[in-house]
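Notes for the structure review
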Amino acid sequence: MFYFRTIYVYLLLLLPLSAQAGLDSYSFFHVTIETPWAIFIFLCFLVLAPFVVMAILYWYFALQRYKQKNKTVAESESE
């Protein structure tokens, strides 16, 4: 672990002075009017994805249950 930290410090020292100053502050983080929309879109997909997966799985297993039910009904009618 110490080895990786040492390498990281040496890599930081190789950066230009302005990049080193930017790492200590949030001056490199520019917020524009598109930033809230980007966050909203990202979180919207992150929040809605489980619901979409849940609906797909429910639909899939409902069809499997329906096929199984029809299969047992068809077998009982043929006997």
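Placed above this text is the structure.
Everything in this summary refers to the structure shown in the same document. Just so you know, these numbers come straight off a predicted model, no measurement behind them. (Residues numbered from 1 in each chain as written. Predicted model: local features only at pLDDT ≥ 70, side-chain atom pairs only at ≥ 80, totals over all residues. Heavy atoms only, no water.)

**Regarding the overall build of the protein chain**
Our working definition: Secondary structure elements follow DSSP: runs of H or I no shorter than four residues count as helices, runs of E no shorter than two count as strands, and numbering proceeds from the N terminus. To sort residues, take the accessible area from a 1.4 Å probe on protein chains only and compare it with the maximum for the residue type: under 20% means buried, over 50% means exposed, and anything in between is partly exposed. Computed by Shrake-Rupley with a 1.4 Å probe, the accessible areas treat only the displayed protein chains as cover when residues are assessed.
For the protein chain, the helix and strand inventory stands at three helices and zero strands. Starting at the N terminus and walking to the C terminus, you meet the elements of the protein chain as α-α-α. Looking at the protein chain as a whole, 3% of its 79 residues qualify as buried. With the model as given, the accessible surface of the protein chain reaches about 7900 Å², and the carbon-plus-sulfur share is 75%.

**Quick word on a nonpolar patch on the surface**
Rule in force here: To count toward a patch, a residue needs a relative accessible area over 30% and no salt bridge; like charges are then connected within 9 Å, while nonpolar side chains (Val, Leu, Ile, Met, Phe, Trp, Tyr) are connected within 5 Å. A side-chain nitrogen of Lys or Arg and a carboxyl oxygen of Asp or Glu constitute a salt bridge if their distance falls within 4 Å.
Where nonpolar side chains cluster on the molecular surface, the patch consists of Ile 39, Phe 42, Leu 43, Leu 46, Val 47, Leu 48, Phe 51 and Met 54 and spans about 810 Å² of accessible area. Examined against the element boundaries, Leu 46 turns out to sit in helix α3 (residues 34-78). Using a relative accessible area of 52% as the deciding quantity, one classes Leu 46 as exposed.

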